[in-house]
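In case you want the letters, here they are:
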Amino acid sequence: MDRNLPIGIFDSGVGGLTVYKALHERLPNERFVYLGDTARVPYGTKSLATVERYAVENSKFLEALGIKMLVVACNTASALALPAIRRAVNVEVVGVIEPGARAAVRETPNKRIGVIATEATVQSHAYRQAISAIDRSAEVIEQACPLFVSLAEEGWSDTPVARDVAVQYLSNLNAETLGALVLGCTHYPILRKVIADVVGEGVVLIDSGQATAAEVKTFLKQSDLAHSDTSALYQERHLCDDLDHFYVTDAASRFAKVAERFLGVAPTILEAVEIWGNDELRSH
Ligand code: DGL
């Protein structure tokens, strides 16, 4: 494996940029290639078979571009489709569920862990299973918060509307019921402030994307796959600079707009591609 290849990241859309940001901050010497499946988002309301199919197509697209490993930034795809993805590609695949679960078990002061995520992630109980596999005595409360995705993309993350929605969803989640709360969806770190205010100070918030970035860093080091170029070029990195390539399956200009909202900057290199229905990958 060529250690100087980029790291592939895919998400159902724009939310995975929170994971890209976490990776970029911890791994300034790495290059990234990101695919947002904006034509088929959301995944959080779809069935297992559909999410598996989309996730495998996304993974194969990135593998064909040449990547040294794949990060599945989408919690829903990580929860439902990791085995299918691992069967489909020949690179190391890291999802966000297990790193998030490990961080939650490590950081909860009382073994009571809340998980907020999409409907599909909650129904899969992937976080519950991953947490139980580490600590069988941990208690897990799962809650779907689907409206958070739209609020984040709309730029309404710190508004009274977001606060009202958070109060509704999180009424059962506070320091009396929980020690830690996993932000189990790509978009939820954008609403971190409102979520923290509503659940209260006593609850530790776990960002699965951050936990994943920390584990990816360790993996690259241990497997001798870290980028070998530590020249000034790579040390002067900025989010979304021209060393990172972004692909979407539809609506590139909306992706750029929301990216700017999430990261403060839009991708320098952003291309719309068709990744299914063709034997050969076509770009347009
Ligand atoms: N990226 C998805 C996740 O983290 C949220 C958006 C969607 O439903 O596709 O679960």
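Note that the structure is predicted; figures quoted are calculated from it, not measured.

Draft legend 1. Seen up close, the side chain of Ser208. On the secondary structure map, Ser208 appears in helix α10 (residues 208-222). By relative accessible area, Ser208 is classed as buried at 1%. At a separation of 2.7 Å, a polar atom in the side chain of Ser208 contacts the side chain of Tyr127. Dropping the residues within four chain positions of it, Ser208 is found in contact with Asn75, Val96, Gly100, Tyr127, Val182 and Leu183.

Draft legend 2. Representation of the pairing of strand β5 (residues 112-117) within the structure. Among the six residues of β5, five are classified as buried, and the element is accordingly described as predominantly covered. The pairing of β5 with strand β6 (residues 139-144) spans six bridges and is classified as parallel. Bridging from a neighbouring strand, Arg112 pairs with Glu139 of β6.

Draft legend 3. Local environment of the sheet that holds strand β7 (residues 180-184). Strand order in this open sheet of four strands is β6-β5-β7-β8, and the pairing throughout is parallel. Bordering the open sheet on either side are β6 and β8 (204-207), each of which pairs with just one other strand. Direction aside, the axes of adjacent strands within the sheet are offset by 25 degrees on average. Taken strand by strand, α10 contacts β7 and β8, and its axis lies near 55 degrees from that of β8.

Draft legend 4. Just the nonpolar core, in detail. Judged by nonpolar contacts, the single largest core of 51 residues is most densely connected at Tyr20, Ile116, Phe148, Leu170 and Ile195. What Ile116 contacts, discounting residues up to four positions off in sequence, is Gln143, Cys145, Phe148, Leu170, Leu173, Leu181, Val182, Leu183, Gly184, Cys185, Tyr188 and Ile195. Core analysis: the next-biggest nonpolar cluster, separate from the first, contains 44 residues, Tyr43, Val51, Ile67 and Leu82 among them.

Draft legend 5. Molecular detail of the pairing of strand β3 (residues 69-72). Of the two faces of β3, the one holding Met69 and Val71 and the one holding Leu70 and Val72 are both buried throughout. Pairing geometry for strand β1 (residues 7-11) and β3, over four bridges, is parallel. Along β3, the bridge assignment pairs Phe10 with Val72. Crossover handedness for the path β3 to helix α3 (residues 75-88) to strand β4 (residues 92-95): right-handed.

Thresholds, definitions, all that
Going along each chain's sequence as written, the residues are numbered from 1 onward. Reporting of local features is limited, given that this is a predicted model, to residues whose pLDDT is at least 70; pairs of side-chain atoms are given and counted only at 80 or more, and all residues count toward the totals for whole chains, interfaces and linings. To get the side-chain values, all heavy atoms of the structure are used, and hydrogens and water are removed first. Segments assigned H or I by DSSP are reported as helices when at least four residues long, segments assigned E as strands when at least two residues long, and all are numbered from the N terminus. Type-normalised accessible area, obtained with a 1.4 Å probe on protein chains alone, sets the label of each residue: buried when under 20%, exposed when over 50%, and partly exposed for intermediate values. Two N or O atoms count as a polar contact when they lie within 3.5 Å, although within protein this holds only if one can serve as hydrogen donor and the other as acceptor, and sequence-adjacent residues are included solely when both atoms are side-chain atoms. Note on contacts: a residue pair is in contact if any heavy atoms of the two residues lie within 4.5 Å. One bridge is not enough; two strands pair if DSSP finds at least two bridges between them. For every element, the axis is a line fit to its C-alpha atoms; helices are fit only across the contacting stretch, and the angle between N-to-C directions ranges from 0 to 180 degrees. Within this scheme, the nonpolar core is defined by two criteria: the residues are buried Ala, Val, Leu, Ile, Met, Phe, Trp, Tyr or Cys, and they are joined through side-chain atoms within 4.5 Å. By definition, the crossover connecting two strands over a helix is right-handed if that path, from the first strand to the second, turns clockwise as seen with the strands pointing away from the viewer.

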